[in-house]
Amino acid sequence: MIPFIDLIAQQAILKKKITQRINQVLNHSQYILGPEVSELEQQLAAYCKVKHTISCASGTDALIMALYALQVKPGDVIITTPFSFFATAEAIALVGAIPLFCDVNPDDFTIDDTQLEAVISDFYHHQQLLPKPLQHLLPNNPRIAGIITVDLFGLPCNYLPINQLADQYNLFVIADAAQSFGGSLNRQKVGTLANDITTTSFFPAKPLGCYGDGGALFTNSDRLDSALRSIRSHGQGSTSNKHIQIGLNSRLDTLQAAILIEKLAIFPDELQQRQAVADHYHTAFKEMGLATQCINDSFTTDQKQSAWAQFTVKTNSLDQRSTICAALKSHEIPYQLYYPIPLHLQPALQYLGYQPGDMPVAERLAQTLFSLPMHPYLDKTTINQIVKVISSTGR
């Protein structure tokens, strides 16, 4: 069976070096915040050309830490996308804040920056348009504190207008880059694109993944760097017994850092291979007349580059998607249906009061998108095999 993500092929290339790195950790036995952690953080910062990198235990923790560091208060409102993994909205709820959703762009699937200002304006001047349960959650004199963007499937959002709008309304911007580490915008790497903090995940299936859970945050702010390093270790201050704020236990294991150091060494080459796979897919589906996640028309491919965490195709209907997926299944070709229930309709967020139809683009995408195998070691023969099965459905 064709693997959806081939970690075994990658391991075959790196096994000797990773084993050596693991043995070094076993020898010095500094399993928590050992020297490999700071080594990795320095390498990640250099790769992104960002001042500070703070590693942590997961991408979800990275989001929570970012919200803590930016001093989000219970009742604060955070604008985000309805089309993402649950952790994006979950982190907002866990700190007592309130998610406010802005629909997504139908072509690149990221938050629609052209709608953001209307969402902010309606919140302050037409709150009666919000779902009634959400209205009742708001405190007196409610405020929008910030925006959490999501670089979906590896593609960075359109950050310039988002950052400018945030400056205009005194909002922070957190980039949820769990899927996009390695991507870039105007030749500037993910990690530096959002005004305040970028978060990422090193979950094994990510473009840069470890062999367990892991995450990191990126910022150019000395103040936020200091706050985040405290937060990840129970809010510690100058000594381990002095706690200056409420924090988490969210340190990246030294063993995982050691693994990531070796993976980062081949990461640029893997990104090129991912792009080659994506190019091959794009050409095939263009000939078939099927849409794929696309870069906004205002950017060229060298100005905006995806990390290609997933390769995603957009069908014309739920029935068409069902037909294609049935054919893939019959040929033992794996696929994924990401986010079939948008965040605003998730049972755990029913208390916000959103209803079907409130986010029409996200709801449409939830019924028409499917993702195909994507990894650096996917050869053209296998890609052609996948494409042939889809083509045979008659679309």
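Up top is the structure these notes are about.
Residues numbered from 1 in each chain as written. Predicted model: local features only at pLDDT ≥ 70, side-chain atom pairs only at ≥ 80, totals over all residues. Heavy atoms only, no water.

A. How the structure looks around the overall build of the protein chain. What the protein chain contains, in helices and strands, is 12 helices and 13 strands. A compact globule built from 395 residues should have a C-alpha radius of gyration of about 21 Å, and the protein chain, at 21 Å, falls within 12% of that. For the C-alpha atoms alone, the extent of the protein chain along its principal axes is close to 65 × 60 × 35 Å. Within the span of the protein chain, comprising 395 residues, buried residues form 55% of the whole. For the protein chain, the computed accessible surface area is about 16,900 Å², with 50% contributed by carbon and sulfur atoms. Across the protein chain, the mean location of the 28 positive side-chain charges is 5 Å away from that of the 34 negative side-chain charges. (Helix = DSSP H or I, 4+ residues; strand = E, 2+ residues; numbered from the N terminus. Rg over C-alpha atoms; globule rule 2.2 N^0.38 Å. Buried < 20%, exposed > 50% of the residue type's maximum accessible area, 1.4 Å probe, protein only. Areas by Shrake-Rupley, 256 points an atom, 1.4 Å probe, with all protein chains shown as cover. Lys, Arg positive; Asp, Glu negative; His and termini not counted. Charge placed at Lys NZ, Arg CZ, Asp CG, Glu CD.)

B. View of the sheet that holds strand β13 (residues 369-372). Spatially, β10-β12-β13 is the arrangement adopted by the 3 strands of the open sheet, whose pairing is antiparallel. In the strand order of this sheet, the two ends are held by β10 (291-292) and β13, each with one partner. (Pairing = 2+ DSSP bridges.)

C. Region of the structure containing the environment of P356. Its place among the elements puts P356 in the loop between α10 (318-330) and α11 (360-368). In the structure, P356 is positioned 14 residues away from P342 in sequence and 9.7 Å away in space, judged by C-alpha atoms. Setting aside its immediate chain neighbours within four residues, P356 contacts L345 and E363. (Contact = heavy atoms within 4.5 Å.)

D. Up close: the nonpolar core. The biggest cluster of nonpolar side chains holds 46 residues, and the ones touching the most others in it are I79, F83, L100, F101, L116, L134 and I144. Counting residues per element, the ones that place at least two in this core are β2 (77-80), β3 (98-101), α5 (113-125), β4 (144-150), α7 (159-169), β5 (172-176) and α11. What I144 contacts, discounting residues up to four positions off in sequence, is V77, I79, L100, I120, F123, Y124 and L171. Of all hydrophobic cores here, the second largest spans 27 residues; its members include C56, L67, I197 and L217. (Core = buried A, V, L, I, M, F, W, Y, C linked by side-chain atoms within 4.5 Å.)

E. Structural detail: the environment of K17. If you trace the backbone, K17 turns up in helix α1 (residues 7-28). Through-space distance from the C-alpha of K17 to that of K263 is 9.6 Å; in sequence the pair is 246 residues apart.

F. Examining unusual backbone geometry more closely. One non-glycine residue, S29, adopts positive backbone phi at about 60°. Looking at the element boundaries, S29 is found in the loop between α1 and α2 (35-48). Notably, F109 is not glycine yet its phi reads approximately 75°, a positive angle. Positionally, F109 belongs in the loop between β3 and α5.

G. Focus on the environment of S38. Here S38 shows up in helix α2. Exposure remark for S38: the relative accessible area of 34% places this residue in the partly exposed category.

H. Representation of a nonpolar patch on the surface in the model. Judged by side-chain polarity, L26, Y31, I32 and L33 come together as a nonpolar surface patch covering roughly 340 Å² of accessible area. As for its placement among the helices and strands, L33 is situated in the loop between α1 and α2. (Patch = residues over 30% accessible without salt bridge, like charges linked within 9 Å, V, L, I, M, F, W, Y side chains within 5 Å. Salt bridge = Lys/Arg side-chain N within 4 Å of Asp/Glu carboxyl O.)

I. Representation of the sheet that holds β2. With mixed pairing, 7 strands are arranged side by side in an open sheet as β1-β9-β8-β5-β4-β2-β3. Among the strands making up the open sheet, the edge pair consists of β1 (52-56) and β3. Neighbour-to-neighbour, the strand axes of this sheet turn through a mean angle of 25°, independent of strand direction. Lying over the sheet, α2 contacts β1 and β9 (215-219), oriented at roughly 135° with respect to β1. (Axes fitted to C-alpha atoms, helices over the stretch in contact; angles between N-to-C directions.)

J. Structural detail: the pattern of salt bridges. Counted according to the given criterion, the structure contains 8 salt bridges. Between K51 and D222 there is a salt bridge, with the nearest N and O atoms lying 2.9 Å from each other. Separated by 171 residues along the polypeptide, K51 in the loop between α2 and β1 and D222 in helix α8 (residues 222-231) bring together distant segments of the chain. Exposure remark for D222: the relative accessible area of 44% places this residue in the partly exposed category. Residues joined by salt bridges that share partners form a network here, namely E41, D225, R229 and R232.

K. Spotlight on the packing of aromatic side chains. Scanning the model with the defined rule gives 15 aromatic pairs in all. With 6.2 Å between their ring centres and 5° between their planes, F153 and Y339 make a pair best called stacked. In this pair, F153 is assigned in the loop between β4 and α7 and Y339 in the loop between α10 and α11, connecting sequence segments 186 residues apart. Comparing F153 with Y339 shows no difference in burial state: the two are buried. Judged by centre distance (5.6 Å) and plane angle (25°), the rings of F181 and F267 are stacked. Here F267 lies in helix α9 (residues 254-288) and F181 lies in the loop between β5 and β6 (184-185), a separation of 86 residues in the sequence. Taking the relative accessible area as the measure of exposure, F181 reaches 2% and is therefore buried. The buried category is assigned to F267, whose relative accessible area is 0%. Through pairs of rings, three or more aromatic residues link up here, namely F83, F109, F153, Y338 and Y339. (Phe/Tyr/Trp six-rings, centres within 6.5 Å; stacked < 30°, edge-to-face > 60°.)

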